[in-house]
Amino acid sequence: MTDRSYEGPWNENPHQNSHAGYSPYGQPYPQASAPRQPSPHPGPQQWPGQQAHGDPQDALQHTQQWQGPTWDTRTHPQLSAAAATAETAYLPPVGAPEPAAPAPPQPPAAAPATPASHGDEPAYGPATLAGTPRLTDAQRARAEGRSPIIDPGMQPAALTALLGLLLAGAAELGTYALLVPLIVLQAVTAAGWFRLNGMWPARQGIALGFAGALVADVAVLGAGRENAPAAILGTLGVWVLLSLVLQLRSHADPDERMYGLMATVASAALAIVATGYLAAAPDAVAIGAAAVAATVLARALPLPTAASAVVALLAAAGMGIAVGGMTDVGPKGALLGAGAAVCALIGHRVAAYDYPSRFVHFTAGVTLPLTMAAPVMWVLGRVLG
């Protein structure tokens, strides 16, 4: 290879021209007569697979050199191995399943409530942060397979006995004397039935039922004992219609309106039925009210349910005989006392349903035994003469 350019004929094959000292485009390669100045950068960068030539000048001539600025790693801080490991420690390995998210903490469960004793308020479970509704003793008893019934106890029974004795004594004194404890009985009956159904305060329904009872009392006093049944039934029919009209005007949901209608009608009916004390004979009222007092006291004794019911019936019959001996009824008073006791036990059982609160026991639990026995006093009083 000489310094003189080859001036031969142009070959149409570009590869042959490159071997003849010409570039593929017909221009001669630069001559390597003058030595090149050393570059400030490192030596020539060889591409992978490139073979170096024997002549250094020829290698420099045919080697592509990098002329741009390079990345100087000395001017940038290097991450330590520990920092790099800590920074990427949370990344899961490729192909490995992601760890499951930790379960949220569960709210503390409500502590079990202690069973309510006779005449006490039901013990509810503590309030929870998760909005879990508190269970009453009745709901807990149902869940555990126990009976959701608790008797009112001795204190409501004592109040019932006291009110019964007041009715018995006032009946012998006269009609207007009987009217005072009877109005108390009717008012507490109307309020107790609404509270027993969990509708408190239901002032309109209570007021409507009590107003019906007062109207029935006035109707019986005006019509007399002979026409008392017609006066009571007439008042009851008018009040049922009035309750229906008032509920139809309500803007509540249909289910709530139906529930309110049934509670209002039942409350008014019970309060109006209690007017039977005015319609019955004074001796029948004295025997029946005293028998109810003996029934509830015997039922409140700490005995099994069946045994206490039998004892209550026997006590009522004995009370009927005792009071009947003081009047013209005589031993027939045992039958009247037993009939009043059966009705009183029914009212007592209704008031004991679904673990009512102390207020329910002192309203429905006190009055329902006496209210349920009023129709029997009128019927048996007329039968026994």
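Keep in mind that this is a model prediction, so the values were computed, not measured.

Calculation notes
Residues numbered from 1 in each chain as written. Predicted model: local features only at pLDDT ≥ 70, side-chain atom pairs only at ≥ 80, totals over all residues. Heavy atoms only, no water. Helix = DSSP H or I, 4+ residues; strand = E, 2+ residues; numbered from the N terminus. Buried < 20%, exposed > 50% of the residue type's maximum accessible area, 1.4 Å probe, protein only. Contact = heavy atoms within 4.5 Å. Areas by Shrake-Rupley, 256 points an atom, 1.4 Å probe, with all protein chains shown as cover. pLDDT = per-residue confidence, 0-100. Salt bridge = Lys/Arg side-chain N within 4 Å of Asp/Glu carboxyl O. Core = buried A, V, L, I, M, F, W, Y, C linked by side-chain atoms within 4.5 Å. UniProt positions renumbered as here; feature names shortened; annotations may be inferred. Lys, Arg positive; Asp, Glu negative; His and termini not counted. Axes fitted to C-alpha atoms, helices over the stretch in contact; angles between N-to-C directions. Parallel < 35°, antiparallel > 145°, perpendicular 65-115°, else oblique. Left-handed = near helix turned anticlockwise from the far one by under 90°. Nonpolar A, V, L, I, M, F, W, Y, C, P; charged D, E, K, R; others polar. Expected span 1.5 Å × (residues − 1).

**Section: the overall build of the protein**
Thought 1: Looking only at helices and strands, the protein has 16 helices and zero strands in total.
Thought 2: For the protein, with 385 residues in total, the buried portion stands at 35%.
Thought 3: Sequence separation of 24 or more characterises 68% of the internal contacts of the protein that already satisfy a separation of 6 or more.
Thought 4: When the accessible surface of the protein is summed, it comes to about 23300 Å², and 64% of that surface belongs to carbon and sulfur atoms.

**Comments concerning the confidence of the model for the protein**
Thought 1: In this model, the protein carries an average pLDDT of 75, and 63% of its residues clear a pLDDT of 70 or more.
Thought 2: Low pLDDT (under 50) marks residues 46-53, which in the prediction has seven contacts with non-local residues, meaning those over four places away or in another chain.
Thought 3: Segment residues 110-119: pLDDT under 50, and 26 contacts once partners within four positions in sequence are set aside and those in other chains are kept.

**Digging into the pattern of salt bridges**
Thought 1: What the rule picks out here adds up to one salt bridge.
Thought 2: Note that Asp151 and Arg299 form a salt bridge whose closest N and O atoms lie 3.1 Å from each other. Of the two residues, Asp151 is situated in the loop between helix H4 (137-143) and helix H5 (154-173) and Arg299 in helix H11 (residues 282-299); the sequence distance between them amounts to 148 residues. For the pair Asp151 and Arg299, a shared accessibility class is recorded, and that class is buried.

**Brief notes about the environment of Ala344**
Thought 1: Looking at where Ala344 falls in the secondary structure, it is placed in helix H13 (residues 333-351).
Thought 2: A relative accessible area of 1% places Ala344 in the buried class.
Thought 3: In sequence terms Ala344 and Ala291 are 53 residues apart; their C-alpha atoms lie 9.0 Å from each other.
Thought 4: Beyond its immediate sequence surroundings of up to four residues, Ala344 is in contact with Val292, Thr295 and Pro369.

**Let's talk about the nonpolar core**
Thought 1: Membership of the largest hydrophobic core comes to 46 residues, with the highest contact counts inside it found for Leu167, Leu178, Leu182, Leu185, Tyr277, Val292 and Leu370.
Thought 2: By residue number, the principal contributor to this core is H11, which donates eight residues.
Thought 3: Beyond its immediate stretch of four places on either side in the chain, Leu178 contacts Leu167, Ala170, Ala171, Tyr277, Leu278 and Val285.

**Looking at the UniProt feature "transmembrane region" (unreviewed entry) in the protein**
Thought 1: Taken from the UniProt record, the annotation "transmembrane region" (unreviewed entry) applies to residues 206-224, 230-246, 258-278, 309-327, 333-352 and 359-380.
Thought 2: Helix makes up 95% of residues 206-224 and strand 0%. Its end C-alpha atoms lie 27 Å apart.
Thought 3: The distance separating the terminal C-alpha atoms of residues 359-380 is 33 Å; by composition the span is 86% helix and 0% strand.

**Describing the side chain of Asp217**
Thought 1: For Asp217, the location among the structural elements is in helix H7 (residues 203-223).
Thought 2: Although Asp217 is buried, it makes no salt bridge; Arg225 carries the closest opposite charge, 12 Å away.

**Regarding the packing of H5 against helix H6 (residues 175-196)**
Thought 1: Between H5 and H6, the shortest axis-to-axis distance is 7 Å and the interhelical angle comes to 150 degrees. When the axes of H5 and H6 are compared, the pair comes out roughly antiparallel. Crossing of H5 against H6: the hand is left-handed. Seen from H5, the contacting residues are Leu163, Leu166, Leu167, Ala170, Ala171 and Leu173; seen from H6, they are Ala177, Leu178, Pro181, Leu182 and Leu185.
Thought 2: The class makeup of the residues in the contact of H5 with H6 is 11 nonpolar, no polar and no charged.

**Quick notes on H11**
Thought 1: Between its terminal C-alpha atoms H11 stretches 26 Å, which fits the 26 Å expected from 18 residues at 1.5 Å a residue.
Thought 2: Counting buried positions along H11 yields 15 of 18 residues, so the element is predominantly enclosed.

**Points about the packing of H13 against helix H15 (residues 364-372)**
Thought 1: Relative to each other, H13 and H15 sit at 150 degrees, their axes nearing to 7 Å. On the basis of their axis angle, the class for H13 and H15 is roughly antiparallel. Judged by the sense of rotation from one axis to the other, the crossing of H13 with H15 is right-handed. Only Ala364, Gly365, Leu368, Pro369 and Met372 of H15 make contact with H13, whose side of the interface consists of Cys343, Ala344, Gly347, His348, Val350 and Ala351.
Thought 2: Of the residues assigned to the contact of H13 with H15, the class counts are eight nonpolar, three polar and no charged.

**Describing the side chain of Thr363**
Thought 1: For Thr363, the position within the fold is in the loop between helix H14 (358-361) and H15.
Thought 2: Beyond its immediate stretch of four places on either side in the chain, Thr363 contacts Val188 and Gly192.

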